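Understanding the architecture of this molecule
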Amino acid sequence: MKKSQKFYPYIFLTIFACLLIFIIWPNNTSFGSMIDWSQQHIKIAEYFRTLFLKNGELFPDYATHLGGGINIYALSYYGLFRLDVLISYVFPFIDMEYIVVTYIILEYIASVNLCFAWLKKHNIQKEICFLSAILLATSSLLFQSHRQIMFINYMPYLFCTLLAIDNFLETKKIRWIPLSVALIILHSYFFSVTAIILCTGYFFFELTNKTEKKSLITKYIGAISIGIGMCAVLLFPTAYYMLHIKKDKWNPLSLIEIWGITPSLRGLLYYSYGAGLTIIVLFVLILSLQYKRTRKMGAVLLFCLCSNLVAYLLNGTLYVRYKIYLVFLPFILYVFAKTLQEIYYSEKKLHLFPLFFAGIPVLTIYLFDHRKTELPILLDVIVSFVLLILFCQKKNTVYLFLSCILPFVICIQLNGTEIYPTKEKSVFSDAELTTLCSTYRGRFLDTTTGLLNVNDVFSADTYKTTMYSSLSNGEYNTFYYDYMKNPISIRNRVVLSSNPNILFQHLMHVTTMETKQKTLPIGYEIMKKKNGIVLAKTEDSMPFAYATNTLYSQKEFKKLSYPKTIDVLTQSAVVDTNKMDFKKRIQKEKFSFTIKNKGKENQTVSLPKEYNSQVLLLSFDIDRKDGKEVIIDINGIRNKLSSKDANYPNNNTTFTYVLSSNNPMKELHINASKGNYRIKNVQLYSLPYTYIQRRNQTVDTVKLRKTTKKEVLKGNVNVSNNGYLITSIPYEKGFTAYIDGKKVPVEQVNTCFVGFPIDKGIHNISIVFHAPAKQFGLIISGLSFILFIIFFNYKRRFLWKRKH
């Protein structure tokens with residue numbers, strides 16, 4: 001064979017992978033999705049670059065611009081040290097979307113080719129290796145490349161790790177294992193745990209026929225440890241954050257859900273959030289039990305794919321989800337290829353009756369799953385069964401290639417369900433928004449795009465109260481939704497979504513906003529207007545940081561209920577004190593209404609009177625027995641109760657609306673989703689806006705100065721009376737405060753913010769944040785990297801000396 005011919009399979013696989021992408025990717029769209037792709041994978045990666053260009057720090061501590069301010073390791077899952085993100089720092093002029101999309105496509109193509117190369121190293125017939133690589137290309141690997149990239153962006157490095165393990169078992173050279181393991185972790189630390197477990201299992205399976213097992217095991221553990229150690233700067237502070245934040249309450253899983261089985265094998269078959277393979281793979285896995293060389297691994301894989309407990313444990317005991325089986329793809333295809341190799345060369349008589357067990361998941365799908373109507377599953381079962389029988393009898397790989405046709409069709413159909421985002425032109429350009437934010441310093445709120453731009457930091461001067469991340473500050477989330485009554489407008493409350501709420505915006509120093517003109521809160525002045533959308537600013541918000549002696553006891557505050565909690569927060573600082581400075585200002589109004597014309601035209605309800613320069617707080621309970629979703633919009637503000645079957649139910653059974661306008665309010669405009677539900681316990685309260693408007697004149701404002709390095713806040717303040725320094729920076733462990741250069745204890749004030757006592761007089765203030773466990777992680781990473789370099793160079797020098 002000519003040397004050039006050995007590259008033909010790689011050329012064909014690359015062309016095939018590119019062809020698939022070309023077929024599924026519509027014109028004039030982004031290679032992504034409308035769910036989390038833009039909001040998280042692109043926007044947060046772009047923010048990492050913005051932060052680096054602003055501060056020049058490769059290992060930052062704090063994200064000042066999102067969620068009011070948060071530990072940067074709350075966002076680390078989205079690629080803080082991922083290669084494409086790091087590469088983007090060198091090319092700030094290239095759109096982050098292009099970098100991420102190019103990188104993930106290259107990873108997809110590389111994974112398909114590395115699959116072929118890895119299987120070929122096991123002396124598996126070339127045609128079988130090619131078939132396995134084709135099945136990988138048509139699996140959920142492609143779907144998740146444009147949906148949840150962290151689910152699969154480690155895949156090429158997983159194949160590199162497997163190649164490195166094989167090389168180690170052959171040559172006892174371990175130097176590539178640490179590097180490939182580190183790259184898996186840096187790309188997706190959540191899936192890296194399962195990847196390392198499976199790689200270790202693979203290592204022990206392949207170790208059975210080797211001598212010097214003890215020495216090999218010791219070296220392998222050392223190599224894995226160095227790889228993990230090099231990522232300590234990511235793992236330690238992230239783990240610390242996860243262990244110390246207040247977590248949302250999950251609906252507990254039943255014992256049946258945890259200890260049960262999945263008869264439909266969603267983790268393996270026809271499911272884009274599982275491995276996404278087809279029935280021929282299950283057929284071959286069942287046949288693998290008849291061969292000594294594949295029996296053990298095949299049995300383990302089948303058990304894992306059926307067991308809810310395995311999915312529960314590998315998902316960190318969070319839930320039973322099948323996305324974790326994406327990590328199993330190389331190992332499933334390994335057993336698949338090895339079994340076909342056995343069938344091809346073995347004269348052993350196969351028992352085909354066990355294949356009928358594959359009918360269990362097929363029957364389950366047809367009885368209980370919507371996939372039966374979306375995909376040609378029955379046709380795939382029949383065709384794959386016939387072709388596999390012919391292969392077993394004729395020993396001709398042509399039948400295997402014919403079996404690729406339906407996986408190709410199914411792959412296109414699954415990817416065709418994606419809603420690819422289009423490049424829509426925004427009403428106001430980033431340049432206009434940047435000018436607004438830099439001119440009127442403070443936080444910015446965009447309520448026009450819902451979930452789409454909660455993480456969009458379009459300039460270094462953009463500071464937001466909103467955020468969408470799988471990890472977040474739970475205390476701030478409680479303040480955001482439970483105390484300040486921001487509406488929960490989507491299916492889960494993990495997202496800090498953007499909606500008008502003048503009371504919250506006032507406390508959080510939201511000085512500028514982009515919103516629809518009809519939802520513009522009271523106190524905001526329109527600066528620009530286009531197509532019903534306005535840019536507005538206010539001078540009434542509270543300062544970013546201020547000193548006050550109007551205080552309210554934390555202990556007594558915890559005994560209060562809504563709406564008195566809001567009344568207290570909007571006039572006093574809640575701190576560790578015995579004082580209770582408070583005057584009742586919120587008044588209850590006589591008002592009630594019912595929802596009519598559900599799911600049809602808007603309903604207009606008259607208010608009990610005309611409200612001028614007032615803030616209204618409207619609330620009511622939702623009573624829905626069937627557990628389905630409820631959506632009610634009032635004056636352009638949305639509340640949603642997610643269905644009981646939602647992945648992350650928001651449990652929003654009490655809808656609250658904070659309504660305000662620069663114009664008199666006479667009526668409510670209501671649009672409600674259809675369904676069998678009713679509202680009850682309707683309550684309406686009013687609060688004169690003049691009380692809110694004047695409050696910033698009663699405090700001592702901190703005059704802010706430019707921060708440096710780890711500083712989150714820096715400034716000076718002339719304190720009128722002994723009291724407290726209050727900020728709108730969400731509290732978490734890692735803050736240190738200084739008054740005139742002297743360190744002072746930081747306290748949690750206003751339920752979830754940074755504050756501390758301060759005496760009368762002129763003071764210089766500084767607040768610094770160090771991510772807990774980061775310094776220790778950096779030391780471990782440095783030592784591990786030094787060990788890796790020393791070991792790598794030592795081996796190279798040793799081999800050079802032996803050669804010469």
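Only a predicted model underlies this, so the values are computations on that prediction, with no experimental measurement involved.

Another aspect to go through is the confidence of the model for the chain. Per-residue confidence for the chain gives a mean pLDDT of 91, with 97% of residues at or over 70. Of all helices and strands in the chain, the one with the weakest mean pLDDT is helix α18 (residues 371-374) (64), whereas strand β25 (residues 753-758) scores best (97).

Here phenylalanine 151 lies in the loop between α6 (140-145) and α7 (155-171). For phenylalanine 151, a relative accessible area of 5% puts it in the buried group. On a C-alpha basis, the gap between phenylalanine 151 and lysine 590 in space is 52 Å, while along the polypeptide they are 439 residues apart. If sequence neighbours within four positions are ignored, phenylalanine 151 has contacts with Tyr77, Gln144, Phe191, Tyr273, Lys323 and Leu326.

Along its 15 residues, helix α14 (residues 292-306) runs 22 Å from first to last C-alpha, staying within 8% of the 21 Å computed at 1.5 Å per residue. Within α14, the full set of buried residues consists of Thr294, Met297, Gly298, Leu301, Leu302, Cys304 and Leu305. Lining the buried residues of α14 we find α9 (189-207), α13 (279-288), α15 (308-314) and α16 (329-345).

What follows is about a positive patch on the surface. Taken together, the side chains of Lys292, Arg295, Lys296 and Lys348 make up a positively charged region of the molecular surface. As for its placement among the helices and strands, lysine 292 is situated in helix α14. A relative accessible area of 75% means that lysine 292 is categorised as exposed.

Turning our attention to the nonpolar core. Membership of the largest hydrophobic core comes to 231 residues, with the highest contact counts inside it found for Tyr108, Ile177, Leu268, Ile332, Leu340 and Leu503. Counting residues per element, this core draws most heavily on helix α4 (residues 96-120), at 14 residues. In this view, leucine 268 contacts Ala275, Gly276, Leu277, Val281, Leu282, Leu285, Leu305 and Ile332; residues no more than four positions away in its chain are not counted. In terms of nonpolar packing, the next biggest core, distinct from the first, is built from 26 residues, Phe593, Leu616, Leu641 and Ile670 among them.

Residues three or four positions apart in an α-helix share a direction because the helix packs 3.6 residues into each turn. Helix length check: helix α1 (residues 8-24), at 17 residues, gives a terminal C-alpha distance of 25 Å against a target of 24 Å (1.5 Å per residue), a fit within 8%. If you check which residues of α1 are buried, you get Pro9, Leu13, Phe16, Ala17, Leu20, Ile21 and Ile24. Viewed end-on, α1 has its buried residues packed into an arc of 135°, placing them on one side of the element. Exposed and facing more than 90 degrees away from the buried side of α1 are Ile15 and Phe22.

Moving on, we come to unusual backbone geometry. At the junction of tyrosine 562 and proline 563, the peptide bond is cis and its omega measures out at 10° in the coordinates. With respect to the element layout, proline 563 can be found in the loop between α25 (554-557) and α26 (564-569). One non-glycine residue with positive phi stands out, namely asparagine 635, at about 50°. One non-glycine residue, aspartate 740, lies in the positive phi region at around 55°. By secondary structure assignment, the location of aspartate 740 is in the loop between β22 (735-739) and β23 (742-744).

On to the pattern of salt bridges, then. All chains considered together, the criterion is met by 23 salt bridges. Glutamate 432 is paired through a salt bridge with lysine 528; the nearest N and O atoms lie 3.1 Å apart. With glutamate 432 in helix α22 (residues 430-439) and lysine 528 in strand β5 (residues 525-530), the pair connects residues that are 96 residues apart, well separated along the chain. The partly exposed category is assigned to lysine 528, whose relative accessible area is 39%.

This brings us to the sheet that holds strand β17 (residues 678-688). Strand order in the open sheet formed by four strands is β10-β17-β12-β15, with antiparallel pairing between adjacent strands. The open sheet terminates on both sides in strands that have one partner only, identified here as β10 (587-589) and β15 (654-659). Averaged over all neighbouring strand pairs, the angle between strand axes comes to 25°, with direction disregarded. Looking at chain direction, β10 and β17 are connected through three bridges and run antiparallel. Looking across to β17, one finds that glutamine 587 is bridged to serine 686.

Let us look at the pairing of strand β13 (residues 630-634). Within a regular beta strand, the side chains point alternately toward one face of the sheet and then the other, so they alternate between its two faces. By the criterion of burial, β13 is predominantly enclosed, with five of the five residues buried. What you see with β13 is no split at all: Val630, Ile632 and Ile634 on one side and Ile631 and Asp633 on the other are buried throughout. The pairing of β13 with strand β14 (residues 637-641) spans five bridges and is antiparallel. By the bridge assignment for β14, isoleucine 631 is matched with lysine 640. The hairpin turn running from β13 into β14, its antiparallel successor, is two residues long, and asparagine 635 in that turn takes a positive phi close to 50°. Sheet analysis places β13 next to strand β16 (residues 665-672), joined by three bridges and oriented antiparallel. Looking across to β16, one finds that aspartate 633 is bridged to asparagine 671.

This part takes up the sheet that holds strand β4 (residues 510-516). Here we have four strands laid out as an open sheet, ordered β3-β4-β6-β5, and mixed in their pairing. The open sheet has two free edges, formed respectively by β3 (443-446) and β5, since each of these has just one partner strand. Strand after strand, the sheet turns through a mean of 15° between neighbouring axes, direction not considered. Summarising the sheet, β5 and strand β6 (residues 533-537) pair through five bridges and their orientation is antiparallel. Note on β6: the bridge partner recorded for glutamate 525 is lysine 537.

Rules behind the numbers
Residues numbered from 1 in each chain as written. Predicted model: local features only at pLDDT ≥ 70, side-chain atom pairs only at ≥ 80, totals over all residues. Heavy atoms only, no water. pLDDT = per-residue confidence, 0-100. Helix = DSSP H or I, 4+ residues; strand = E, 2+ residues; numbered from the N terminus. Buried < 20%, exposed > 50% of the residue type's maximum accessible area, 1.4 Å probe, protein only. Contact = heavy atoms within 4.5 Å. Expected span 1.5 Å × (residues − 1). Patch = residues over 30% accessible without salt bridge, like charges linked within 9 Å, V, L, I, M, F, W, Y side chains within 5 Å. Areas by Shrake-Rupley, 256 points an atom, 1.4 Å probe, with all protein chains shown as cover. Salt bridge = Lys/Arg side-chain N within 4 Å of Asp/Glu carboxyl O. Lys, Arg positive; Asp, Glu negative; His and termini not counted. Charge placed at Lys NZ, Arg CZ, Asp CG, Glu CD. Core = buried A, V, L, I, M, F, W, Y, C linked by side-chain atoms within 4.5 Å. Arc of directions from axis to C-beta. Pairing = 2+ DSSP bridges. Axes fitted to C-alpha atoms, helices over the stretch in contact; angles between N-to-C directions.

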